Amino acid sequence: MRLTIYTDYSLRVLIYLTTLSENERTNIKDIANAYGISKNHLMKVILQLGKLGLIETTRGRNGGLRLAVKPSDINIGSVVRQTEDDFNIVECFSKEQNKCSISPVCSLKGVLHQALMAYLDVLDQYTLADLTTNGSLLKELLQDKDPTLL
C-alpha cells in the first residue's frame, strides 16, 4: 500500500496546523518552507482540506490557515479515504482497466482486498491528536526551517 503525495501533503498540513497555538494562523508559504515542498503542490491540498471542512482559510491582512476541527475529531482513516484518488492497488480492482485474464477466478484479489481493509482499519484507529502527542518536538523540528513558528 502506498499513499499518494497528495495524501502525504494533506496529512503534513494537518500536522503542521496542529503544532500552532489555538487560533494562530499561518499561510501556505510557511508550511511549504517548513517541509521544503512546493507551494504550488500545497495550494490544491489546502483547497481540498478547506472543502472537507478540516481547515479554515481566510483571505486578507489578518487571514491565513488554521484547523477548523479539533485534532481529536480528525480521523486519519477518514482523511486518507477522502484524499486518495482510488485504492486500486492492482489492475483487477478497477472494472474499467482490468485486463487480467485470470481475474474471474483469482484468489489474490480477495487477499489484497483483505489487506487493504486491514490497512484502512489501522488508520481508522488514530486521530490527528494521536499523531501529534509529541507536539513540542514537532514544532521544534518545523521551526528549524520556518521562523514564523518561533
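Throughout what follows, the structure given in this document is the object of discussion.

Criteria and cut-off values
Residues numbered from 1 in each chain as written. Predicted model: local features only at pLDDT ≥ 70, side-chain atom pairs only at ≥ 80, totals over all residues. Heavy atoms only, no water. Helix = DSSP H or I, 4+ residues; strand = E, 2+ residues; numbered from the N terminus. Buried < 20%, exposed > 50% of the residue type's maximum accessible area, 1.4 Å probe, protein only. Contact = heavy atoms within 4.5 Å. Lys, Arg positive; Asp, Glu negative; His and termini not counted. Charge placed at Lys NZ, Arg CZ, Asp CG, Glu CD. Polar contact = N/O pair within 3.5 Å; in protein donor to acceptor, adjacent residues only side chain to side chain. Expected span 1.5 Å × (residues − 1). Arc of directions from axis to C-beta. Axes fitted to C-alpha atoms, helices over the stretch in contact; angles between N-to-C directions. Parallel < 35°, antiparallel > 145°, perpendicular 65-115°, else oblique. Nonpolar A, V, L, I, M, F, W, Y, C, P; charged D, E, K, R; others polar.

A look at the overall build of the protein chain
- Of the regular secondary structure elements, the protein chain holds seven helices and two strands.
- For the protein chain, the sequential pattern of α-helices and β-strands runs α-α-α-β-β-α-α-α-α.
- Across the 150 residues of the protein chain, 35% fall into the buried class.
- If you take every contact in the protein chain between residues at least 6 apart in sequence, the share linking residues at least 24 apart comes to 63%.
- Across the protein chain, the mean location of the 17 positive side-chain charges is 7 Å away from that of the 17 negative side-chain charges.

Considering the side chain of T83
- Counting through the fold element by element, T83 comes out in helix α4 (residues 76–83).
- In this structure T83 comes out as buried when scored by relative accessible area, which is 4%.
- Polar contacts involving the side chain of T83 include one to the side chain of T7, which spans 2.9 Å.
- At 2.8 Å, the side chain of T83 forms a polar contact with the backbone oxygen of V79.
- Residues in contact with T83, not counting those within four places in the same chain, are Y6, T7, S10 and L52.

A few points about helix α3 (residues 39–51)
- With 13 residues, α3 extends 18 Å between its outermost C-alpha atoms, agreeing within 8% with the 18 Å of an ideal straight helix rising 1.5 Å per residue.
- For α3, the complete set of buried residues consists of L42, V45, I46 and L49. The buried residues of α3 occupy an angular sector of 105° when projected down its axis, which confines them to one face. Residues of α3 that are exposed and point over 90 degrees away from its buried face: N40, K44, L47 and K51.
- Buried positions along α3 lie against α1 (5–19), α2 (28–35), β1 (55–58) and β2 (64–67).
- Capping of α3 at its N-terminal end is provided by S38; its side-chain oxygen lies 3.1 Å from the backbone amide nitrogen of N40.
- One or two steps after α3, the chain reaches G53, where phi turns positive at roughly 80°.

Here's the deal with the environment of L120
- When you line up the elements, L120 lands in helix α5 (residues 108–124).
- Classification of L120 by relative accessible area gives buried; the value is 4%.
- Separated by 43 residues in sequence, L120 and G77 have C-alpha atoms that sit 5.9 Å apart.
- If we ignore the near neighbours within four places in the chain, the residues touching L120 are V80, R81 and F87.

What to know about the packing of α4 against α5
- Contact pair α4 / α5: the axes reach a minimum separation of 6 Å and the direction vectors enclose 130°. Considering their axes alone, α4 and α5 lie oblique with respect to each other. Residues I76, G77, S78, V80 and R81 of α4 pack against L120, L123 and D124 of α5.
- Across the contact of α4 with α5, the residue classes break down as four nonpolar, two polar and two charged.

Purely geometric numbers; function is a separate question.
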